[in-house]
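Structural characterization, general
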Amino acid sequence: MAWFLFASGKAPLVSLSFTLLLASLYDSTLCLGVSQGERKRPKTTQWMVMGSKVGDECQCIGLTLWGFQNMPEIHILCLFLFPMSSIVTVNIQPSPRTLPRSTATQREQTDKSVECNVNGNREVVTVEIHPKKRTANLVKKFSFGKGKVTSRNEAVYENEGYVNDQNGTKVSNAILLAYPWDGSTLKSMRIDLNQFKQLDAYASEVRASSSVEVLVRDLLRGTSSDVEKLRAIWVWVTHHIAYDMEGYRNPNLRSASPDDVLRTGRAVCAGYSSLVQRMCSLAGIECKELSGYSKGAGYKLGNRFRGESDHAWNAVRLAGSWHLLDATWGAGHVTDNVSQFEFKYNEFYFLTHPALFVGDHFPLEGQWQLLRPQISLKQFEDAAFRKSCFYNSGLLSSQPESWLIHSDQKTTITIKSSSPTLFMQTLNDKENHGILTLKPDGMMLDVYPPEIGKHSLKIYCRDPDSTEKMYNSALHYEIQCKAVDRGLNLPEDLKNPMGPSWMSEQSGLCDPSQRDSLVHTADGRCSFSFRVDSHWEFLSMLSTEVFRMTDDEQRRHTFMSRTVDRVKFQVQIPRPGLYQLCIYGKERTMAGSFSNVCNYLISCTNPKVSWPVFPLKYTTWQEHYELVEPLSGVLPANRTIRFKMRVPGVSQVSVQGKATQDLCLDTDGFWNGCCSTAGCLDLSVMIRENPNDLTRSFILNYQVGGKSD
């Protein structure tokens, strides 16, 4: 912005005073350049206005005027107004002059020259822009009765390409990333981490030197691009600098000096960021130390951030764009009580996408979010607490968005993922208050708080293909429960995940007949069937919290039968209540025990339901046999009972009671017949595999104990 004033005699003094007054209203530094016209002027009058960008937020307007023949008393006053963040000096030199460029690690200050050719003689007007330090205001501010005028932007933010959140001033070459995250990449620039394998191995093994300068020289051997230089610095710092636990507890023992950090091998966050900044400076990479609020060790859901910052990290400029990194959190983590540090490299905090970085880093200077739009401090405080493991595990989003959930009997949590992922959850450190269902692209969790009040919900995840079997903490919520569902009393030994999923498909159970994890039955009976491969074998058990079931009852209230390509699990519940059906499986060729592959919840509220166990199966009962009737393992006395079953590959099937009754094979492949329960305590089903066999094998047994009609 520029002001131009032309006058003669004493008028310039009056006009200059008025101009100073106007300039003071713009919170600007006023610099004055005065030149007096020569007595000999050309007869023609010509104006030329030149504009050029100087620095980040300053505009320099150079004006050249010649003419005004025979009017030497005219004085030209050129008033250049610049923001208070800069001090402007105008020099008029008779010959060209080149100013040296700054070699500081922050942005180099740009020098611009406006050349004026007057009457064949070369004059150069050079305008220098210098960052403001502690220069006093050149003019006093006036309010004109409008109250105190407050400067909204009195700091030089050296981040070309971003928007100041206080005054909305757009800076050219804007390269802002969108919020919320689009899920495309964890990084703020496209990089292939595989290309760093050799560099990472080298940088992690470089020994600490006597000085930062020597260390950087050793690290940068063989690097060519700024990204490679930064990567070498990042890897070395995150593998060699431990978090200073003593310094954290006692500020008098800590130091943020890069030399001290290198010497001791320890630092708090300020030491990490200052060392990274110093090393980047020596490597010729623009780097800035940032400070703000963080959701790190010691953070509790609901914390409100006020006052001074509690964390420090870095921003670096690569290929003209700013990027974020946190070497402190990249190096490892401390325990929840901040008593011990463990080196555990975390790739997530290297060139993190800003929309993800802002999840646990809130800079005091909003523009360093590097986002469009920026989020507010309240949004940061209220956002769900997603840890780095959340994104490292390929998870994309979660609902609800807020860490605080108001619940009315049931709360539903959903997570989207880029690939199948295993999950587990705890409510108040117990696993039995939620029904978790796996999806190919995430999971759904229905939480049933056991009582009114506050509850802590934590969600964990892991890669199903990883050899690491431990689950990592990914997400944390707090539930404020207003009402409790007394009708759903989940089992203490609830085995999540519930229902069919990609995990049960991997274990051979496909195309399920029941896709919901919770099944309601009115008569106390239900069945579950799946398409299966022949090389898988299965077994099932039923349990409940309503009463204590013996192991035999848990096995015999389910009955499995199998055809060529399907398996069927039939269930008869002994009384009303909520039950858990657990299906176990393993490959026939694999040694070892069965593993849990699928689970269901079965609910029945009919008070009249009272089913006995299924008949006892002997080891001779083959899984490809099929029982149609009777399914009850306890038969009424003094009754004629009809039997029907498919038992392929045998020559004879008989039912033994007080007398033995042979069954007949029909054209559909079923053995049919009747047998009386009169005069006996049990009935047994026998088979003869070959016609010439003298012995028979028992395959089923029924108890006789019911009342006769």
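Residues numbered from 1 in each chain as written. Predicted model: local features only at pLDDT ≥ 70, side-chain atom pairs only at ≥ 80, totals over all residues. Heavy atoms only, no water.

As annotated in an unreviewed UniProt entry, the protein chain carries the name Kyphoscoliosis peptidase and is attributed to Paramormyrops kingsleyae.

1. Let's talk about the overall build of the protein chain
Counting its secondary structure elements, the protein chain contains 13 helices and 45 strands. Relative to its 709 residues, the protein chain shows a buried fraction of 48%. Considering only intrachain contacts with a sequence separation of at least 6, the fraction spanning at least 24 residues in the protein chain is 65%. Total accessible area computed for the protein chain in this model is approximately 35400 Å², and 49% of it derives from carbon and sulfur atoms. (Helix = DSSP H or I, 4+ residues; strand = E, 2+ residues; numbered from the N terminus. Buried < 20%, exposed > 50% of the residue type's maximum accessible area, 1.4 Å probe, protein only. Contact = heavy atoms within 4.5 Å. Areas by Shrake-Rupley, 256 points an atom, 1.4 Å probe, with all protein chains shown as cover.)

2. Side note on the nonpolar core
Ranked by size, the top nonpolar core spans 93 residues in total, and within it Leu-230, Trp-236, Val-237, Tyr-272, Met-279, Val-316 and Phe-423 carry the most contacts. Broken down by element, this core gets its largest block of residues, eight residues, from helix H4 (residues 226-240). Sequence-distant contacts of Phe-423, that is, excluding residues within four places in its chain, are made with Leu-395, Ile-415, Leu-436, Leu-438, Gly-442, Met-443, Ile-459, Tyr-460, Cys-461 and Tyr-471. Judged by nonpolar contacts, the second largest core, of 26 residues, contains Phe-559, Trp-621, Val-655 and Trp-671. (Core = buried A, V, L, I, M, F, W, Y, C linked by side-chain atoms within 4.5 Å.)

3. Some thoughts on the packing of H4 against helix H7 (residues 269-283)
Where H4 meets H7, the closest approach of the two axes is 10 Å, and the angle between their N-to-C directions is 150 degrees. As the angle between them shows, H4 and H7 are arranged roughly antiparallel. Seen along the crossing, H4 lies across H7 with a hand that is right-handed. When H4 is examined against H7, the residues Lys-229, Leu-230, Ile-233, Trp-236 and Val-237 are found in contact with a partner set consisting of Tyr-272, Leu-275, Val-276, Met-279, Cys-280 and Ala-283. (Axes fitted to C-alpha atoms, helices over the stretch in contact; angles between N-to-C directions. Parallel < 35°, antiparallel > 145°, perpendicular 65-115°, else oblique. Left-handed = near helix turned anticlockwise from the far one by under 90°.)

4. Side note on H7
Taking 1.5 Å as the rise per residue, H7 with 15 residues should run 21 Å; its terminal C-alpha atoms sit 21 Å apart, in good agreement. Taking burial as the measure, the 15 residues of H7 include eleven buried ones, the bulk of the element. Buried within H7 are the following residues: Cys-269, Gly-271, Tyr-272, Ser-273, Ser-274, Leu-275, Val-276, Gln-277, Met-279, Cys-280 and Ala-283. Count one or two residues on from H7 and you reach Gly-284, which has phi positive near 80 degrees. (Expected span 1.5 Å × (residues − 1).)

5. Thoughts on the sheet that holds strand E32 (residues 558-562)
Within the open sheet, the three strands sit side by side as E30-E33-E32. Their pairing is antiparallel. Of all strands in the sheet, those bounded by a partner on one side alone are strand E30 (525-531) and E32. Strand-to-strand, the axes of this sheet are offset by a mean angle of 15 degrees, without reference to chain direction. Relative to strand E33 (residues 566-572), E32 runs antiparallel, the two sharing five bridges. From the neighbouring strand, Thr-558 faces E33, where its bridge partner is Val-571. (Pairing = 2+ DSSP bridges.)

6. Points about the pattern of salt bridges
According to the stated counting rule, one finds 25 salt bridges in the structure shown. A salt bridge links Glu-347 to Arg-231; the nearest nitrogen and oxygen atoms lie 3.0 Å apart. Here Arg-231 lies in helix H4 and Glu-347 lies in the loop between strand E16 (341-343) and strand E17 (350-352), a separation of 116 residues in the sequence. Of the two residues examined, Glu-347 and Arg-231, each falls in the buried class. Put simply, Asp-244 and Arg-266 hold a salt bridge, and the shortest N to O gap is 3.7 Å. With Asp-244 in the loop between strand E10 (242-243) and helix H5 (245-249) and Arg-266 in strand E11 (residues 266-267), this residue pair connects regions lying 22 residues apart in the sequence. A relative accessible area of 40% places Arg-266 in the partly exposed class. (Salt bridge = Lys/Arg side-chain N within 4 Å of Asp/Glu carboxyl O.)

7. Details of unusual backbone geometry
The linkage connecting Tyr-179 with the following residue, Pro-180, adopts the cis geometry, with an omega of 5 degrees. Summarising the element assignment, Pro-180 is placed in the loop between strand E9 (177-178) and helix H2 (197-205). Look at the link from Arg-372 to Pro-373: it is a cis peptide, with omega at -5 degrees. Inspection of the secondary structure puts Pro-373 in the loop between strand E19 (371-372) and helix H10 (377-382). A positive phi angle is found at Asn-428, which is not glycine, with a value near 55 degrees. With respect to the secondary-structure elements, Asn-428 resides in the loop between strand E24 (422-427) and strand E25 (434-439). Residue classification places Asn-428 among the partly exposed residues on the basis of a relative accessible area of 35%. A positive phi angle, close to 50 degrees, is found at Asp-511, a residue other than glycine.

8. A look at the state of the cysteines
Considering all chains together, one arrives at zero disulfides under this definition. Of all cysteine sulfurs in the structure, the one in Cys-287 sits closest to Cys-280, which takes part in no disulfide; the separation is 4.2 Å. Relative accessible area serves as the criterion here: at 0%, Cys-280 is assigned to the buried category. Left without a disulfide partner, Cys-526 is nearest to the cysteine sulfur of Cys-604, which lies 9.1 Å away. With a relative accessible area of 14%, Cys-526 lands in the buried category. (Disulfide = S-S within 2.5 Å.)

9. A look at the side chain of Ser-561
Mapped onto the fold, Ser-561 is located in strand E32. Residue classification places Ser-561 among the buried positions, given a relative accessible area of 7%. The residues touching Ser-561, leaving out its near neighbours within four places in the chain, are Arg-566, Val-567, Lys-568, Glu-623, Tyr-625 and Glu-626.

10. Points about the packing of aromatic side chains
When we look at a pair of aromatic rings, we describe it by the centre distance and by the angle of the planes. Evaluation of the coordinates by the stated rule reveals 25 aromatic pairs. With 5.5 Å between their ring centres and 90 degrees between their planes, Trp-181 and Tyr-391 make a pair best called edge-to-face. Here Trp-181, found in the loop between E9 and H2, pairs with Tyr-391, found in helix H11 (residues 388-392); they are 210 residues apart in sequence, far enough to count as distant. Residue classification places Trp-181 among the buried residues on the basis of a relative accessible area of 15%. Owing to a relative accessible area of 10%, Tyr-391 belongs among the buried residues under this scheme. Summarising the aromatic geometry, the rings of Phe-559 and Trp-621 are spaced 5.8 Å apart at their centres and angled 65 degrees between planes, so their arrangement reads as edge-to-face. With Phe-559 in strand E32 and Trp-621 in the loop between strand E36 (616-617) and strand E37 (626-629), this pair connects stretches of sequence that are 62 residues apart. By relative accessible area, which is 0% here, Phe-559 ends up buried. (Phe/Tyr/Trp six-rings, centres within 6.5 Å; stacked < 30°, edge-to-face > 60°.)

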